Amino acid sequence: MADGTVGAAAEEKGMTVESLTWSAFGEEHLTALAELAGACLAVDGGLPLFARPPLLQARLLQAHTLGAWHAGSLVAAVGVDAGHVPATGTGVVHPDWRGRGLGSRLLDWASEQASTGGLLMTTESWSLDGENLITARGFARTFLEWVLRHDLDELPDVTPPDEIHTEPVTWADGPELFATYRASFADRPGFVASTAEQWLAELRDDEGYRPELSLIAHAADGTPVGFVNIIDNWIDQVGVVPGWRGRRIGASLVAAALRSLSADGAHETWLCVNDNNPAAALYRRLGFRDAGRRARYLLHQ
C-alpha cells in the first residue's frame, strides 16, 4: 500500500478521488482482486502467489472489507480479520491511484475495525513509499523478507562434499526429516517448533509438496545433516544442521533442487529469505535475483 506520486495524465482521464465508489467486496470479486494485486506486483515486485485465489482469499477476503471502485475496476482494497489479537489486515492501492490519500484512508478504516487490540498489517508487495506511509502512522516493522527468483535456463555447478550423499524424501523418512528440520532451525531467534505430527501433516496436506524432488543429506555414517523441501516450483525450506555448515551442503542441496526442477519442466523457481538471513548471499551467488519484498507492521492500540 503506498501513496506515491501520480502524473497529471491520470487526472485528465477522470481518475479523481471524487469519482470513486467505496463498498465492501467479497468472493465474487476475486478476479478484480487478482487484477489489482497483479498491477501492484508488476510495479513493486513481491510474492507472485499474492495474485492467485488461495492467498488473495487468505489475505483480503476477511470479515471486514473495503474497496474503492472506478469505472468498474477495483483500485484499492483492504481486508481485516478482527477475530485475533492483534487484528490482522492487508491493503493494496493500484499504482495509478497512489498519491491521493487512498492508502491513508484504508489504514484509518483498518485501525477502526481493529478496535483496541492492536493491528498487524501485511504486505505481499512491498514498496518504500508504502513503508513510509505505514510507519508514519505509528506502525513498527516486525518482519521483512526478500522474494528471490531463479530462471532455470542457467544452472549453478556445485560439487557436493565427498562425504555427503543425498536421497529423495519418502514418507517413511518423515520422523528423520522433521528431526533434521528442527536441528537445522533450532538456533534461529524466535524459532518455535511444532510437533512432528503437526509439521508432517502440513506437508502431507499441501497438494504442491514434491517429496520426489525434496532431499535429505546424510553424512557417511548415515547421520542426517541437511534437507531441502520443494513445494510446486518453490524452494520452501533449506536447512543444514549446526556443525555441518560451511561445507557446501546447503549450496549442493539448492543446486540439486534447481536441476531437478529444470528436468521436471519448470522454467523458474522461487524462494523467500528473511532480510537479515546470511543465507541470502548464498542464494544470490547461486543465481537467484531479487524480485521484491514482503513485510509486516504492528500497531499497538
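Summary of the structure given here. (Residues numbered from 1 in each chain as written. Predicted model: local features only at pLDDT ≥ 70, side-chain atom pairs only at ≥ 80, totals over all residues. Heavy atoms only, no water.)

### As for the packing of helix α6 (residues 174-185) against helix α7 (residues 196-205)
For any two helices packed against each other, the geometry comes down to the angle between their axes and how far apart the axes lie.
So, point 1. At a minimum axis distance of 10 Å, the contact between α6 and α7 shows a crossing angle of 105 degrees. Regarding the angle of α6 to α7, the classification is roughly perpendicular. For the pair α6 and α7, the contacting residues are G174, P175, L177, F178 and Y181 in the first and A196, W199, L200 and L203 in the second.
So, point 2. Of the residues contributing to the contact of α6 with α7, the split by class is eight nonpolar, one polar and no charged. (Axes fitted to C-alpha atoms, helices over the stretch in contact; angles between N-to-C directions. Helix = DSSP H or I, 4+ residues; strand = E, 2+ residues; numbered from the N terminus. Parallel < 35°, antiparallel > 145°, perpendicular 65-115°, else oblique. Contact = heavy atoms within 4.5 Å. Nonpolar A, V, L, I, M, F, W, Y, C, P; charged D, E, K, R; others polar.)

### Topic: the pairing of strand β10 (residues 234-240)
So, point 1. Counted residue by residue, β10 has six buried out of seven residues, so it is predominantly covered.
So, point 2. Pairing of strand β9 (residues 224-231) with β10 involves six bridges; the strand directions are antiparallel. Residue pairing in the sheet places G226 in a bridge with V240 of β10.
So, point 3. The turn linking β9 back onto β10 is made up of two residues, and D232 within it adopts a positive phi angle of 55 degrees. (Buried < 20%, exposed > 50% of the residue type's maximum accessible area, 1.4 Å probe, protein only. Pairing = 2+ DSSP bridges.)

### Thoughts on α6
So, point 1. In a regular helix each residue adds 1.5 Å, so 12 residues correspond to 16 Å; α6 covers 17 Å between its end C-alpha atoms and thus fits that length.
So, point 2. Considered for burial, the residues of α6 that qualify are G174, L177, F178, T180, Y181, S184 and F185. End-on view of α6: buried residues confined to an arc of 160 degrees, all on one side of the axis.
So, point 3. Contact partners of the buried residues in α6: α7, β8 (215-218), β9 and β10. (Expected span 1.5 Å × (residues − 1). Arc of directions from axis to C-beta.)

### Remarks on the pairing of β9
So, point 1. The buried count for β9 comes to seven of eight residues, which makes it a mostly enclosed element.
So, point 2. What sits between β8 and β9 in their antiparallel hairpin is a turn of five residues, with G222 showing a positive phi close to 90 degrees.

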